[in-house]
Amino acid sequence: MTNVDLIGDEHVAIETTLNGKPLKRRVKARQHLADFLRQELELTGTHLGCEHGICGACTVLIDGNTARGCLTLAAQISGKAVETIEGLTESGKLAELQKEFIERNAAQCGFCSSGVLLTAYELISGGEALSRAQIREALSGNMCRCTGYHAIVDAVEAVSARAADRPTRERS
Ligand code: FES
Ligand code: FES
């Protein structure tokens, strides 16, 4: 395994990039990434719902792709770049989506919102104007018990349409 050193039976040493900053840690060998982020690093914007890969509340980006924090071991992020809702918010990469979500009331209790936003961010980063069916399909792995999805789809559709109208160099 690259960049991972076993330390006895219980811990491994990892080197990763988290929200743009290098991070070296000893992690419990069986600790899930979502628990590591929440319990060890106090990055509690990554939520835990089902804890078995169904609800999408624990979504993070690993090397730019969405991944389930509850199905990924912390040890598996060694050598990779992880981004969470906190990092993407701080960098401003989610600003347009977040503004649209607020204006359209697409976040109510907010429990699903970090996962939904990260999935939507990955979806619109292709820069294409997306149909509502494409958006619904892409978000089908993110459960929301409050909104009925309509406002979420409206928000993602609006941002994707604007992104598609922009010259490629202006897209983030
Ligand atoms: S907590 Fe990971 S998918 Fe539900
Ligand atoms: S806003 Fe409450 S679960 Fe989606």
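Above: the structure in question.
Note that this is a predicted model, so its numbers are computed, not measured. (Residues numbered from 1 in each chain as written. Chains lettered and ligands numbered in written order. Predicted model: local features only at pLDDT ≥ 70, side-chain atom pairs only at ≥ 80, totals over all residues. Heavy atoms only, no water.)

Caption draft 1: Local environment of the side chain of His 47. Relative to the helices and strands, His 47 is located in the loop between helix 1 (33-40) and strand 4 (59-62). Overall, the relative accessible area of 18% leaves His 47 in the buried class. Looking at His 47, its side chain comes within polar contact range of the main-chain oxygen of Phe 111, at 2.7 Å. In this structure His 47 touches Arg 38, Ala 57, Cys 58, Gly 110, Phe 111 and Ser 114, once residues within four positions along its chain are discounted. (Helix = DSSP H or I, 4+ residues; strand = E, 2+ residues; numbered from the N terminus. Buried < 20%, exposed > 50% of the residue type's maximum accessible area, 1.4 Å probe, protein only. Polar contact = N/O pair within 3.5 Å; in protein donor to acceptor, adjacent residues only side chain to side chain. Contact = heavy atoms within 4.5 Å.)

Caption draft 2: Expanded view of the environment of Ile 85. Among the structural elements, Ile 85 can be located in helix 2 (residues 85-91). The exposure class assigned to Ile 85 is buried, which follows from its relative accessible area of 12%. Setting aside residues no more than four positions away along its own chain, Ile 85 makes contact with Gly 45, Thr 46, Leu 94, Gln 98, Ser 114, Leu 117 and Leu 118.

Caption draft 3: Layout of the packing of helix 3 (residues 95-103) against helix 6 (residues 150-165). Between helix 3 and helix 6, the shortest axis-to-axis distance is 9 Å and the interhelical angle comes to 140 degrees. Between helix 3 and helix 6, the angle is such that the two are oblique. Along this stretch, helix 3 crosses helix 6, giving a crossing that reads as right-handed. Residues Glu 96, Leu 97, Glu 100 and Phe 101 of helix 3 form the contact with helix 6, whose participating residues are Ile 152, Ala 155, Val 156, Ala 158, Val 159 and Arg 162. Class assignment of the residues belonging to the contact of helix 3 with helix 6 gives a composition of 7 nonpolar, no polar and 3 charged. (Axes fitted to C-alpha atoms, helices over the stretch in contact; angles between N-to-C directions. Parallel < 35°, antiparallel > 145°, perpendicular 65-115°, else oblique. Left-handed = near helix turned anticlockwise from the far one by under 90°. Nonpolar A, V, L, I, M, F, W, Y, C, P; charged D, E, K, R; others polar.)

Caption draft 4: Looking closely at the packing of helix 4 (residues 113-124) against helix 6. Running from amino to carboxyl end, helix 4 crosses helix 6 at an angle of 30 degrees, the nearest separation of the two axes being 10 Å. Of the possible angle classes, the one that applies to helix 4 and helix 6 is roughly parallel. Here helix 4 runs over helix 6; the crossing is right-handed. Of the residues in helix 6, those in contact with Val 116, Ala 120, Leu 123 and Ile 124 of helix 4 are Ile 152, Val 156, Val 159 and Ser 160. Partitioned by chemical class, the residues of the contact of helix 4 with helix 6 number 7 nonpolar, 1 polar and no charged.

Caption draft 5: Inspection of helix 6 at higher detail. Along its 16 residues, helix 6 runs 23 Å from first to last C-alpha, staying within 8% of the 22 Å computed at 1.5 Å per residue. Among all positions in helix 6, only Ala 151, Ile 152, Val 153, Ala 155, Val 156, Ala 158, Val 159, Ser 160 and Ala 163 are buried. The secondary structure elements touched by the buried residues of helix 6 are helix 3, helix 4 and helix 5 (132-138). (Expected span 1.5 Å × (residues − 1).)

Caption draft 6: Quick peek at helix 3. All buried positions along helix 3 are accounted for by Leu 97, Glu 100 and Phe 101. Projection of helix 3 onto a plane perpendicular to its axis shows the buried side chains occupying an angular sector of 100 degrees, all on one side. Facing away from the buried surface of helix 3 by more than 90 degrees, the exposed residues are Lys 99, Ile 102 and Glu 103. Where helix 3 is buried, its residues contact helix 4 and helix 6. Immediately downstream of helix 3, the backbone of Asn 105 shows phi near 55 degrees, a positive value. (Arc of directions from axis to C-beta.)

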